[in-house]
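Here are the chains, one letter per residue:
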Amino acid sequence: MVKVIVQMYPVIPAASEAERMEMRPIGRNAELFQQTLRGWCEIVEEADRLGLWGVTAIEHHFHSEGYEVSPSPGVMNAFWGARTKDIRVGQLGYVMTTHNPVRVAEETAMLDHLTEGRCFVGFSRGFQSRWTDVFGQHTGARATLSDGSDGDRLNREIFEEAVEIVLKAWTEESIEHNSERWQIPYPHETGLQNWFMAPWTGKLGAHGEIGSDGEVRRVSVVPAPYTNPHPPVFVASNASQETVEYAGKHGFIPAYFSHMDKVANYGPAYVEAARAAGHEFALGQNQAIVRMPRIADTMADARQALADYDGMIFKHFYENFLPLAFREKISVNPDTPLEDLVDPMIETGLFVPGSANEVRDHFVEQWKHLPAEYVILIYHYAQQPKASVIADLKLFMEEVKPALDELTDYED
C-alpha cells in the first residue's frame, strides 16, 4: 500500500503580483498569516479523516515575500498531533547544518512521545543562502545546490556529523562526541568540572556520565524516543546521488524532488547502498517520490490552476534554483505572464496537472519505474484555497492511490 503524505508550503495569498508588491512585506502580515495558519490546520484535520499516512511541515526563515512561511516545524507538528487521531506528523525537514543536533534529538523525541509514535523526522542540508548562511555561521555551513564545490562538501560534512549526533542521542544511554565543531561534554578533553550534582549523578545517572574525579565525561539525552529505536527518518534529495546512497546506508527514506528519469536511476542506487549496509529493501520500498498534482475537470482547467496557484512562486522563487540551461531556455523576466510558465513548470517533472484520469496515468507510469512506498504531495496553500487543496487530496485518495497500491506488492 502506498503511504500518502501531504506537505503544504504555506503561501500568504495575493490576487496578483501587483497586490503582492503593494502589500510588501506580505510575509509579516499577521492577520493574513493567522488566516493561513488556521486553514492549514483544518486541511491537516481533513487529511486525517481522508486516511493519509502523514503530513509534514517545512523549515524556512525570512520569507518576507510571503512564500513558504514556516519557521517552526516542530511547533506545528505538536499542534497538529493534538488535533488529529491517526495521521503521522513530521518535517521535511530540519536543516541540520543550522541546528544544534542535541536540541533536535530532544525536540523530536518529545514529539514522538506527544503523538505516541505518530511522528516521523526529516533532515535536509539547506539550499537557501539568505537564512542558511545566517543560521549556519557558528558551524561554518553555507547553502548548497549539490554542485560538488568545496562549500557543498563542507555542508555535507556538517550535515552528516549533526545527524550522527542525533542518532547517538536517540539510541545510546549516554553519549560523548569530540570534533572541531562539537564537544560533548564541553570541554571534552578534561571533562566538565564542578558539576554540583556529580555525586548523585554518579549514583542515579547513566553509566559513565561521571569520571573518577567527579568530572562529567558523558551526557544522557532524555527522553529516549517513544518509538524504538527512533521515528522514521526522511532525507530530502534533489540533485545528488550521494545523498541517496547516504540514505540507503542508514536505512533512511529518501524523498526524491526529481524528474522521472533521475528517480529511475536513484531507486536502484538506493537499494544497492542499503543492501551493502545490511538493509534489505525491494525496489521502491522505503523511498518517497515528491510531486505537485493539480487535479481539475479538464487539462485546461488544471493548467489554469497551475498558473493561479503556483505561477508566482515559480516565477519569483523556484526558477532561480533551476539549472542554468533550463533558466536560459525559458527566459523568465518581470513581464512574463504566469500562464506562459505552465509548460516550464510541467517540464521540471514536479508539477502534474490534469483530470483525475490523466494524473493517475502519470503516477502509474512513474510507479512502473519505481513503485515507491511513499508519495509526498505538495500544495502552495493558501495561494491555492483550502477547499481546492482538500478536493485535490480527496480525488487523489479515491482515484489515484488505488492504482498505485496495485503496483506496490512488496512486504511493508
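Nothing here was measured: the structure is a model prediction, and the numbers come from that model. (Residues numbered from 1 in each chain as written. Predicted model: local features only at pLDDT ≥ 70, side-chain atom pairs only at ≥ 80, totals over all residues. Heavy atoms only, no water.)

Of the regular secondary structure elements, the protein holds 14 helices and 12 strands. Taken against the 2.2 N^0.38 rule, which gives 22 Å for 412 residues, the C-alpha radius of gyration of the protein at 22 Å falls within 12% of a compact globule. Principal-axis analysis of the C-alpha atoms places the extent of the protein at approximately 75 × 50 × 45 Å. Sorting the 412 residues of the protein into buried and exposed places 54% on the buried side. Sequence-distant contacts, at least 24 apart, represent 73% of the contacts inside the protein between residues at least 6 apart. Total accessible area on the protein stands at roughly 18400 Å², and carbon and sulfur atoms take up 51% of it. Each charge class in the protein was averaged separately, 35 positive and 60 negative side chains, and the resulting centres sit 2 Å apart. (Helix = DSSP H or I, 4+ residues; strand = E, 2+ residues; numbered from the N terminus. Rg over C-alpha atoms; globule rule 2.2 N^0.38 Å. Buried < 20%, exposed > 50% of the residue type's maximum accessible area, 1.4 Å probe, protein only. Contact = heavy atoms within 4.5 Å. Areas by Shrake-Rupley, 256 points an atom, 1.4 Å probe, with all protein chains shown as cover. Lys, Arg positive; Asp, Glu negative; His and termini not counted. Charge placed at Lys NZ, Arg CZ, Asp CG, Glu CD.)

Our focus in this paragraph is the packing of aromatic side chains. This structure, assessed with the given rule, holds 20 aromatic pairs. Pairing Phe363 with Phe396 gives two aromatic rings, centres 5.2 Å apart and planes at 80°, and the pair type is edge-to-face. Taken together, the residues Phe363 in helix H13 (residues 356-369) and Phe396 in helix H14 (residues 386-405) connect sequence positions 33 residues apart. Across the pair, Phe396 and Phe363 agree in class, each one buried. Every member of this aromatic cluster is reached through a ring pair, and the members are Trp53, Phe120, Phe234 and Tyr374. (Phe/Tyr/Trp six-rings, centres within 6.5 Å; stacked < 30°, edge-to-face > 60°.)

Of all hydrophobic cores here, the largest spans 72 residues; its most connected members are Met8, Trp80, Met96, Phe123 and Phe363. Residue contributions to this core peak at 8 residues, all from helix H6 (residues 150-171). Sequence-distant contacts of Phe123, that is, excluding residues within four places in its chain, are made with Gly93, Tyr94, Met96, Val104, Phe159, Val163, Val166, Trp170, Val233, Phe234, Val235 and Ala236. Core analysis: the next-biggest nonpolar cluster, separate from the first, contains 34 residues, Ile313, Tyr318, Ile330 and Leu341 among them. (Core = buried A, V, L, I, M, F, W, Y, C linked by side-chain atoms within 4.5 Å.)

What follows is about the packing of H13 against H14. A pair of packed helices is characterised by two quantities: the angle between their axes and the separation of those axes. Remark: H13 packs on H14, axes separated minimally by 9 Å, with the N-to-C direction vectors making an angle of 25°. By the angle between their directions, the pair H13 and H14 is classed as roughly parallel. Our pair here, H13 against H14, has a crossing hand that is right-handed. Only Phe396, Glu399, Val400, Ala403 and Leu404 of H14 make contact with H13, whose side of the interface consists of Ala356, Val359, Arg360, Phe363, Val364 and Trp367. Its residues placed into classes, the contact of H13 with H14 shows 9 nonpolar, no polar and 2 charged. (Axes fitted to C-alpha atoms, helices over the stretch in contact; angles between N-to-C directions. Parallel < 35°, antiparallel > 145°, perpendicular 65-115°, else oblique. Left-handed = near helix turned anticlockwise from the far one by under 90°. Nonpolar A, V, L, I, M, F, W, Y, C, P; charged D, E, K, R; others polar.)

Here the focus is the environment of Val263. Mapped onto the elements, Val263 comes out in helix H9 (residues 260-276). For Val263, a relative accessible area of 0% gives the class buried. Residues Val263 and Thr115, 148 residues apart in the sequence, show an inter-C-alpha distance of 32 Å. Here Val263 is in contact with Tyr256, Ser258, Ile289, Arg291, Gln366 and Leu370, once residues within four sequence places are set aside.

On to helix H10 (residues 299-316), then. Counted at 1.5 Å a residue, the expected span for H10 with its 18 residues is 26 Å, and the 24 Å between its end C-alpha atoms agrees. The largest bend in H10 is about 60°, located at Asp310. (Expected span 1.5 Å × (residues − 1). Bend = angle between axes of the 7 residues up to and from the residue.)

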